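Given next are the chains, with one letter for each unit.
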Amino acid sequence: MGKITKKVVEALVPRERPYLEWDAGDGAVKGFGVNVHPSGRKVFVAQFRIGSGRAAKEKRVSVGAFGTWTVEQARDRARDLIREGQDGIDRQAAQKATKDAKDREEAISEKIRLDARNLRFNRLAVRYMRDHVRLKRKANTVALYRHLLAAHILPKIGRRDARDIKRTDLITFHNNLRETPIIANRSLALIAGIYSWAEKAEIIAEGTRNPATKIEKFKETAKDRFLSVDELRRLGEAIRQAETVGIPWEPNPNGKVKHAPKEENRRTFIEPGAAAALRLLIFTGARLREILHLRWSHVDLERGLLRLADSKTGAKTVILNAPARAVLATVDRSGEFVIKGESRDGEEQPRHDLKRPWALVIKVAGLDGVRIHDLRHSFASIGVGDGMGLPIVGKLLGHAQSRTTARYAHLDDDPLRKASDAIATKVAQAMGELPLPQSAEVVPLRREAK
């Protein structure tokens, strides 16, 4: 069997017993398949190992039913699950553990009465989540902490008295997670945070030793990737090709080639909104959700600003440089969101993601492995490389470590605007969106005779 398509799934005939058909051929995802039930129900599945090596556990999970999920949606989902499995992440188990932890948290939250005689660590953790994290942290942080507690921390030390846990215990706990260094370090930091909060809240005695401190963290491999001028040029060409003439594709030679569309009709295009979103990410250095969730009410073209009520670091003002304003000028303003998604129940929604258009353009540009977030890194690296300084670039990106006021009206915007325009102009020139500057002729100076 070749690559799974809508026609292939529709043609699968039920048998007396369930059977599987797997994705194969050009462009297929190994481990993606469809399970055909005797009733005629067809369910997409993903099969993969959790981690690597012979001891890695093999797992098969259901992605969704055909009809509710399209083939492409299911393939994208399966690809994500398989990649996570290779990184040692069991999404299904993590979600179940997180849900169980939330249920336990809600069940005992009203019964918690911590005192000097009852300082079990799991009760301390539940109160920390209830009285601190849920009130003062964003939803993504709450979800991360719940996962770390449910999947890693509470199974090991949850029922122990917090006063009896020693540094040597946590060194062993940390070392046992060495295959996932980021999870190990984040778990240790969370434990340290629980002890620190408990002391400030006067739940444990002031000056109580925090056993999670003074433990050396694992080295975390940086994933930063910066695009060169040549790579930006190729990316710009790929975006223009995808939105104008389209990207050609070839039919699967193992499939029914004679029924494939004619060569002139074998083109894949990206929507204008997707192309605009990619350019805005490149020119502003903004985060993905800041652009995808952008509303026209946030856009002040007259002053050249995006005023975001909320972002990863709170309220934020993004400077709209000249290339970014040019992009926004081409976008349809008929709806609430700048980058429109599919409406649900008659209610307008922002676009959910850019996975498919991004995968298409980076493949054409020869930039396999480059992530959308790397565009933000590239914006910053160009600014720093041009000598604009970390404080200026940090303000442009809205970094939380900036010590200046968050209100844009109180900032000196002239150097910020100059820096933003210079960065985005250089990026746009590399992409071919703007003409390159003419190099000046160099005239050698004559040395005067002494």
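These numbers come from a predicted model, not from an experiment. (Residues numbered from 1 in each chain as written. Predicted model: local features only at pLDDT ≥ 70, side-chain atom pairs only at ≥ 80, totals over all residues. Heavy atoms only, no water.)

1. A look at the sheet that holds strand β9 (residues 316-319)
One open sheet accounts for three strands, arranged β7-β8-β9; its pairing is antiparallel. The open sheet has two edge strands, β7 (299-300) and β9, and neither has a second partner. Relative to β9, strand β8 (residues 305-308) is paired through four bridges, and the arrangement is antiparallel. Each residue of the ladder has a partner; that of L305, found in β9, is I319. (Pairing = 2+ DSSP bridges. Helix = DSSP H or I, 4+ residues; strand = E, 2+ residues; numbered from the N terminus.)

2. Looking at the environment of G285
In this fold, G285 is placed in the loop between α9 (272-284) and α10 (288-292). Linking G285 and I423, residues 138 residues apart in sequence, is a C-alpha distance of 9.6 Å.

3. As for helix α8 (residues 229-243)
For α8, which comprises 15 residues, the first-to-last C-alpha distance of 22 Å matches the rise-based estimate of 21 Å (1.5 Å per residue) to within 8%. Those residues of α8 that sit buried are E231, L232, L235, G236, A238, I239 and A242. Down the axis of α8, the sector holding all buried residues measures 165 degrees, keeping them to one side. (Expected span 1.5 Å × (residues − 1). Buried < 20%, exposed > 50% of the residue type's maximum accessible area, 1.4 Å probe, protein only. Arc of directions from axis to C-beta.)

4. Re the pattern of salt bridges
Applying the stated criterion across every chain yields a total of 21 salt bridges. Between R240 and E433 there is a salt bridge; the shortest N-O distance is 3.1 Å. Residue R240 is located in helix α8, and its partner E433 is located in the segment after α15 (413-431); the two are separated by 193 residues in the primary sequence. Taking the relative accessible area as the measure of exposure, R240 reaches 25% and is therefore partly exposed. A salt bridge links E290 to R287; the nearest nitrogen and oxygen atoms lie 3.2 Å apart. (Salt bridge = Lys/Arg side-chain N within 4 Å of Asp/Glu carboxyl O.)

5. Some points on unusual backbone geometry
The phi angle at E202 is positive, at roughly 60 degrees, despite the residue not being glycine. For E202, the location among the structural elements is in the loop between α7 (181-200) and α8. Judged by its relative accessible area of 73%, E202 is exposed. Phi is positive for K214, which is not a glycine, with a value near 60 degrees. When you line up the elements, K214 lands in the loop between α7 and α8.

6. Description of the sheet that holds strand β1 (residues 19-22)
In spatial order, the strands read β1-β2-β3-β4; together these four strands make up an open sheet with antiparallel pairing. Each edge of the open sheet carries a strand with a single partner, namely β1 and β4 (57-65). Strand-to-strand twist in this sheet, taken as the mean axis angle between neighbours without regard to direction, amounts to 35 degrees. When strand β3 (residues 42-50) meets β4, the two strands line up antiparallel, connected through eight bridges. (Axes fitted to C-alpha atoms, helices over the stretch in contact; angles between N-to-C directions.)

7. A look at the confidence of the model for the protein chain
Mean pLDDT over the protein chain: 82, with 81% of residues reaching 70 or higher. Of the regions scoring below 50 in pLDDT, residues 110-116 engages in eleven contacts with residues more than four places distant in sequence or in other chains. In this model residues 401-413 is a low-confidence stretch, pLDDT under 50, and it forms twelve contacts with partners more than four residues away in sequence or in other chains. (pLDDT = per-residue confidence, 0-100. Contact = heavy atoms within 4.5 Å.)

8. As for the environment of L294
Within the element layout of this structure, L294 appears in the loop between α10 and β7. Along the backbone, L294 and R307 are 13 residues apart, and their C-alpha atoms lie at a distance of 9.5 Å. What L294 contacts, discounting residues up to four positions off in sequence, is R289, V299, L306, L308, F337, V338 and I339.

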